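# Remarks on the overall topology
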Amino acid sequence: MNIYKLLQLNRKIKSHRIKFLGLYMLHKFNQRYLAVNIDPVMACNLRCKMCYFTDADYVKTLKGQFKEDELNQVAKTIFKRALKLQIGCGTEPTLYKDLVKVVELGKTYKVPYISITTNANLLDEEKIEALLKAGLSEFTISLHGVHKESYENFMQKASYEKFHNAFKAFEKLKKQYDFKVRINYTFNKDNFYELADFFKHFNGESFDILQIRPIQKIGNTEYNDFDLDSIRDDYPKLIKDIRTQCKENHITLLAPNNIPKNQSTNASSLIFDYTFCYVSPQKFWKDGFDYNNESFNTYSKKIGWSKQLWSNIFKSEKELKSMANRLNYEIEFN
């Protein structure tokens, strides 16, 4: 299954009414439509300056990891409705000792697409191959700097050498396994211009998708300069050059055409809150969902989920306010 073509289709379908009708039908007929995002362990090995893990007070609230029986129950309750399983959403999944089992559970419940979001510093060829053998579809890699100096500055406790060793392993294993590697580059005014050197440091044979996204406020982070006005005018030209290089290297590019001037929602994001399912040792989808004693269908019926989906067909875009700020990404296949 090509998740990126589904994202592209979501953008092409402009009518939110059609989208919610589709979700309603999928829900009523017990089909898959959820993007299940699971944090199996509430910890991280790095302290990235643009991440809330640099907020000591907030980190104190992040506790716990799934035990084996809990993980099995999570999978039993929700994985059958997952179109995509994203392992690692706000924490570092490679710290979880049974990470391979999470992937295996996804395959057991026939989740079509399984991805891991990681900073890659704890990955080596052996660990990567074990995850691929378990059935992993994609590695999504967080990156905050192209050059060594900025990378290790923004991603504190990280090693530029270990990071690139993981990509060497990706390149090698791509000759044997069918999987995707996606790089998520978060830029600010201090690491933006080095994007021009991206393909001088990263071999196009080692990854498949490049996502470029502007910094957003996600908490009390150490780096807190969110003003992008100084680079706004230069953004289109640099992205044009990146787009050309991506085409030459057969890389799928995900990037907004322009830096948004203010936080806003868009038509493509209106269904986000109805397809995004977050699971961690501290939370299961929505408040009040006792996943140990309730099935997805039982809880959905209790909260009138199908009625919500149906009623959204008849609401205007103004009435449908997404809780999350989702950017319009132009998805280009090469």
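First, a word on scope: everything that follows refers to the structure included in this document.

Rules used throughout
Residues numbered from 1 in each chain as written. Predicted model: local features only at pLDDT ≥ 70, side-chain atom pairs only at ≥ 80, totals over all residues. Heavy atoms only, no water. Helix = DSSP H or I, 4+ residues; strand = E, 2+ residues; numbered from the N terminus. Rg over C-alpha atoms; globule rule 2.2 N^0.38 Å. Contact = heavy atoms within 4.5 Å. Areas by Shrake-Rupley, 256 points an atom, 1.4 Å probe, with all protein chains shown as cover. Axes fitted to C-alpha atoms, helices over the stretch in contact; angles between N-to-C directions. Parallel < 35°, antiparallel > 145°, perpendicular 65-115°, else oblique. Left-handed = near helix turned anticlockwise from the far one by under 90°. Buried < 20%, exposed > 50% of the residue type's maximum accessible area, 1.4 Å probe, protein only. Pairing = 2+ DSSP bridges. Right-handed = clockwise from strand over helix to strand, strands pointing away.

### Quick look at the overall build of the protein chain
Within the protein chain, the secondary structure is distributed over 14 helices and twelve strands. The C-alpha radius of gyration of the protein chain comes to 20 Å, within 12% of the 20 Å expected for a compact globule of 334 residues. Once the C-alpha set of the protein chain is aligned to its principal axes, its extents read approximately 55 × 45 × 45 Å. For the protein chain, long-range pairs separated by at least 24 residues make up 79% of all intrachain contacts whose partners lie at least 6 apart in sequence. Looking at the protein chain as shown, the accessible area adds up to about 16300 Å², and 49% of this sits on carbon and sulfur atoms.

### Side note on the packing of helix H5 (residues 99–108) against helix H6 (residues 125–134)
Running from N to C, H5 and H6 cross one another at 20 degrees; their axes reach a closest spacing of 8 Å. By the angle between their directions, the pair H5 and H6 is classed as roughly parallel. Here H5 and H6 pass one another in a crossing that is right-handed. Listed contacts from H6 to Leu-99, Val-100, Val-103, Glu-104 and Lys-107 of H5 are Ala-130, Leu-131 and Ala-134.

### Comments concerning the environment of Lys-301
One can find Lys-301 in helix H13 (residues 296–303). Each C-alpha atom, one on Lys-301 and one on Asn-30, is 12 Å from the other, the two residues being 271 residues apart in sequence.

### Regarding the pairing of strand S5 (residues 138–143)
Summarising burial for S5: five of the six residues are buried, a large majority. Of the pairings in the sheet, the one linking strand S4 (residues 113–118) to S5 comprises four bridges and is parallel in character. Bridging from a neighbouring strand, Thr-118 pairs with Ile-141 of S5. Regarding topology, H6 serves as the crossover connection from S4 to the parallel S5, and that connection is right-handed. Summarising the sheet, S5 and strand S7 (residues 180–187) pair through six bridges and their orientation is parallel.

Keep in mind these values describe shape, not function.
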